[in-house]
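A look at the structure
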Amino acid sequence: MTENILSRSPAYYILLFILLSGFLGLPGCGGGGSSSPTTTPTCTGGTPSNLTTPSQTNQMAVYQSTCQGSVNSPVVTLTVCVPQTTTCQSIPNILVDIGSTGLRLSHTISITGQLPQEQISGQNIFECYAFVSGYNFGPVVTAQITLGGESPIIVPVQISNSSLPAPQSCQSNGPSSPFQPYFNGILGLLFPQYDSDSGTYYTGSNYFLINGTGTLDSTQLSSEVQNPVFLLPSVDNTGILLSGFPSVPPDTGTPNVSGLLTFGTSSAPLIQLKTNASATITATYGGSSLTAFFDTGSNGLFIDNSTLTSCTGDLSGFFCGNAPGQSATLTGTNNTTATFSFSIISAQTLFATGNNDFSSLGGPQPSVFDAGFPAFLSGAEIGVMWDSNTNNTGMGYFLAPSSF
Amino acid sequence: MEGSTMRRILKSPTALQEACLHEASFRDPIENFSRTCPFLGWHTKELTVSFSRKVWNLRLTKNYPIRLSFAILLLHLLIPSMAMAGLGEGRPQIMEDARKLGLVQVRTGSGSGYSTVTLALPETNRPGIKKTLTIKEYLDLTGRIFAIAWKGSVPPDLSVILGSLFPRLSTLPPTQSRHRLFYQDDHLVLSVVGSGRFRVGRAWNPQALPTGFSPSQIRIMTP
C-alpha cells in the first residue's frame, strides 16, 4: 500500500495551509536568515614592543596574546595583503596552533572584506571548520601573507564570520565558536590537510555541500584552507619549531613570554616521535597508557589524573589541587621516547597572581594526555615535522628533546 | 519505526541533490532531511515521500518549493513521535544513534548498577587514511542512557549523541581554548579535548548517575 502524499485532494491542502501557518520556522520555507546584530567585544591589543628578535629569515617572533583575558596563548603578528595589490594590514594576536590546520581570520578584521573569495565553477566557496570548542563558518578567500622574512605567498584563508547563519550540517558540530574577543585569527600548523578531512566545504548562497559530501576533489585542492607553511618554498616547508620560550616557574607563572617560530626543521637536534594518522602518540602517565599530542592551542595540560582535586565554579575544568614532580613518558609509533617532567599547580593559585603564562596549569580529562602550551614553557624546543616531498601527509612527527 | 528500511528512489538532475537526498534518506527522513538538505526547499525540486512496507520512498520532481514543506509537515503528522536519540534516552535509541552515526556495535559490558554498549566505526578501505570513532554508552538498570564517552579521529555528531540536551550548548560564551569544550549545568556535564584529527570526550547527566557511580568511570581507554 503505497501512499503518495502529494496526490491528495484539495481538502488536504486547505487543512495543511491552516496547519502550516503555525510552522513558519520550518526548514525549507523559513527564510530571511536575519541574524541578530551582536555587539561582541573584539580584541584591542596590539603587537608588544620587546619581542624576541629573529636571527634568520625563516623565523618570526611569537608572543603572549595581548587580547584581554587570554592566558597561555602564543600568537604572531601577520601582514595580510589583498593579492596583487599594495593593500595590506598588519594583524596582531593570531594564535599559533599546532592542533589545527590552516589560516583563519575573524571577519571583524577590516581587510578580510576586501580579500577575493575562492570560487569553483563560478560559485563562491564557504567552509565549516570544527574546532573542539565549536564550529567556525565563513567564506574561503585568498590572501597574500608574509611569514617572517620569507617571500610573500598567496594562500587560501577561511574567514570566520559568526554573523552568517551556518548550514545545519555545520551546526551539528557544537556551538558557534567565534575567535573574538580572544584572537584575531588562527594560524593552524598541524600537518598539512590531506583530503580536507577536517573542514566541510560548501558552494553558492544556498550552501550546497561541495561534491555532495563537502569534500574537495583532487582538482579543487588549490582552494583548500591549507597549512601555509606547507605552501612555502622548499626547504622551509617541512615543519615548524617553537623555541626560545623561557622555563617558567611552576609556582607563580610569569607575566608574558616571547619566543620564535621557525619554518623548516632540517637542523633540529631533536627526538622524532612519529605519530599515527590521527596525529597522536602515546603517553605513559600514572600507570596508564594514554593517547597523547602536543598542542599550542590548548592553554593547559589536560590529562588523565582522577586523584587531583578539580576546580568548581568559574574555574571548572581546571585542576585546583597541587601535584609537583610529575613525569610522563611520550612514545612515538616508531618507539622513540621522550620524558616530560612537569608540575600541576592549582588554577586558583595561578590565576590569583595576575600573570598570563603558566607552565603548571592543567585540567582533568580521562584517556588522554594533551601536552598543551604549558609543555612549551619548560625551556624546551618543540616542533612538528611532516613529509613535504610525496604529499604523504597522513602522518608526521612531533619533535622534542629526549628529556625536558 | 524501529528496524524500518529506508530506500532512495529518485532521479535528481544534479549530483549534489542526489547525494544530499541519499544522505537524508539513509538517515532519519524527517529529522535529517531538513537538516541535511535545508536548501532544497528553496532551490528547485519537489520532494515526494511515501512509506510502504517499511520502505521510505523519496522522490524529487518539479519546481515548487512550498510542496517540500507540505511533505515534511505531512511526515510530522503521519509519524507523530520520532524520539530524539542520545543522552537521556532509552536502550532502543542506541541502535538509532549507531545508524545515524554509521557505527556498529562492537561489545557490551556491565558494572555495578549499569551496563555499557560500545559502538565503533567499521574499518574503511580508504587508502592511507584510517578513520576511527568509538562511542561507549552507559545505561542504568532501567535501560536509560546516563553517560556517553567517545574517542577517535572523526568527531561524533554532538546533536545525535546529546539528543535533546544539545541545544544547551548554544548558551556557551566564546572560549579562548580552541581544543577544549567544557559545559556544565544541573543536567549535563560535557568535556571534550582534542586536535584537528583526534578528540576524546564524555558527557553525563549528574542527576541520573546510578548510586555509587563516579564520573571518573566514564572513559574509553586506548584500544
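How each quantity is defined
Residues numbered from 1 in each chain as written. Chains lettered and ligands numbered in written order. Predicted model: local features only at pLDDT ≥ 70, side-chain atom pairs only at ≥ 80, totals over all residues. Heavy atoms only, no water. Helix = DSSP H or I, 4+ residues; strand = E, 2+ residues; numbered from the N terminus. Buried < 20%, exposed > 50% of the residue type's maximum accessible area, 1.4 Å probe, protein only. Contact = heavy atoms within 4.5 Å. Areas by Shrake-Rupley, 256 points an atom, 1.4 Å probe, with all protein chains shown as cover. Disulfide = S-S within 2.5 Å. pLDDT = per-residue confidence, 0-100. Phe/Tyr/Trp six-rings, centres within 6.5 Å; stacked < 30°, edge-to-face > 60°. Core = buried A, V, L, I, M, F, W, Y, C linked by side-chain atoms within 4.5 Å. Pairing = 2+ DSSP bridges. Axes fitted to C-alpha atoms, helices over the stretch in contact; angles between N-to-C directions.

So, about the overall build of chain A. Within chain A one finds three helices and 23 strands. Taking all 404 residues of chain A together, 59% fall into the buried category. Excluding contacts between residues fewer than 6 apart, the proportion of contacts in chain A whose partners are at least 24 apart in sequence is 68%. Surface exposure of chain A reaches about 14,700 Å², of which carbon and sulfur atoms provide 50%.

Here is the idea: a disulfide is a covalent bond, and it sits between the sulfur atoms of two cysteines. Residue and element names in this part refer to chain A. The tally for this structure, following the rule as stated, stands at four disulfides over all chains. There is a disulfide in this structure between C81 and C88, and the S-S distance comes to 2.0 Å. With the S-S dihedral at roughly 100°, the linkage between C81 and C88 falls on the right-handed side. Here C311 is linked by a disulfide to C320, with a sulfur-sulfur distance of 2.1 Å. Taking the torsion about the sulfur-sulfur bond, which here is approximately 100°, the covalent link between C311 and C320 counts as right-handed. Relative accessible area serves as the criterion here: at 6%, C311 is assigned to the buried category.

A few words now on the confidence of the model for chain A. Counting all residues, the mean pLDDT for chain A is 88, and 87% of those residues have values of 70 or more. In this model, residues 1-37 of chain A is a region of pLDDT below 50 whose contacts with residues beyond four sequence positions or in other chains number 54 contacts.

To continue, consider the packing of aromatic side chains. All names here are of chain A. For the structure shown, the criterion picks out 29 aromatic pairs over all chains. Judged by centre distance (5.6 Å) and plane angle (70°), the ring pair of Y285 and F369 falls under edge-to-face. Taken together, the positions of Y285 in strand β15 (residues 281-285) and F369 in strand β21 (residues 368-371) put the pair 84 residues apart, joining distant regions of the chain. Considered together, Y285 and F369 belong to a single accessibility category, that of buried residues. Centroid distance F351 to F358: 5.8 Å. Interplanar angle 70°. Geometry classified as edge-to-face. Ring pairs connect the aromatic residues F191, F245, Y285, F294, F340, F342, F369, F373, F376, F398 and F404, which therefore count as one cluster.

To continue, consider the nonpolar core. Across soluble globular proteins, nonpolar side chains show a tendency to be buried alongside one another. Counting 84 residues, the largest nonpolar core has L147(A), L261(A), F294(A), L330(A) and F369(A) as its most contacted members. Other than its neighbours up to four places away in sequence, L330(A) contacts L273(A), I281(A), T282(A), A283(A), A292(A), F294(A), T336(A), T337(A), A338(A), F340(A), F369(A) and F404(A).

Residues and elements named next belong to chain B. Judged by pairing direction, the sheet is antiparallel, and its seven strands sit side by side in the order β4-β5-β6-β7-β10-β9-β8 without closing on themselves. Lying at the two open borders of the sheet, with one neighbouring strand each, are β4 (104-111) and β8 (180-184). The sheet shows a mean angle of 10° between the axes of neighbouring strands, taken without regard to direction. Relative to strand β10 (residues 198-204), strand β9 (residues 189-195) runs antiparallel, the two sharing seven bridges. When the bridges of β10 are listed, V189 appears paired with W204.

Strands pair in a sheet through their backbones, by hydrogen bonds, and they do so in one of two ways: parallel or antiparallel. Residue and element names in this part refer to chain A. Strands sit in the order β19-β18-β15-β16-β21-β17-β20 across an open sheet of seven strands; the sheet is mixed. Of all strands in the sheet, those bounded by a partner on one side alone are β19 (337-344) and β20 (362-364). When the angles between neighbouring strand axes are averaged without regard to direction, this sheet yields 30°. Alignment of strand β17 (residues 301-303) against β21, held across two bridges, turns out to be antiparallel. Pairing of I303 across the sheet is with F369, part of β21.

Moving on: the side chain of E137(B). Relative to the helices and strands, E137(B) resides in strand β6 (residues 133-140). The buried category is assigned to E137(B), whose relative accessible area is 0%.

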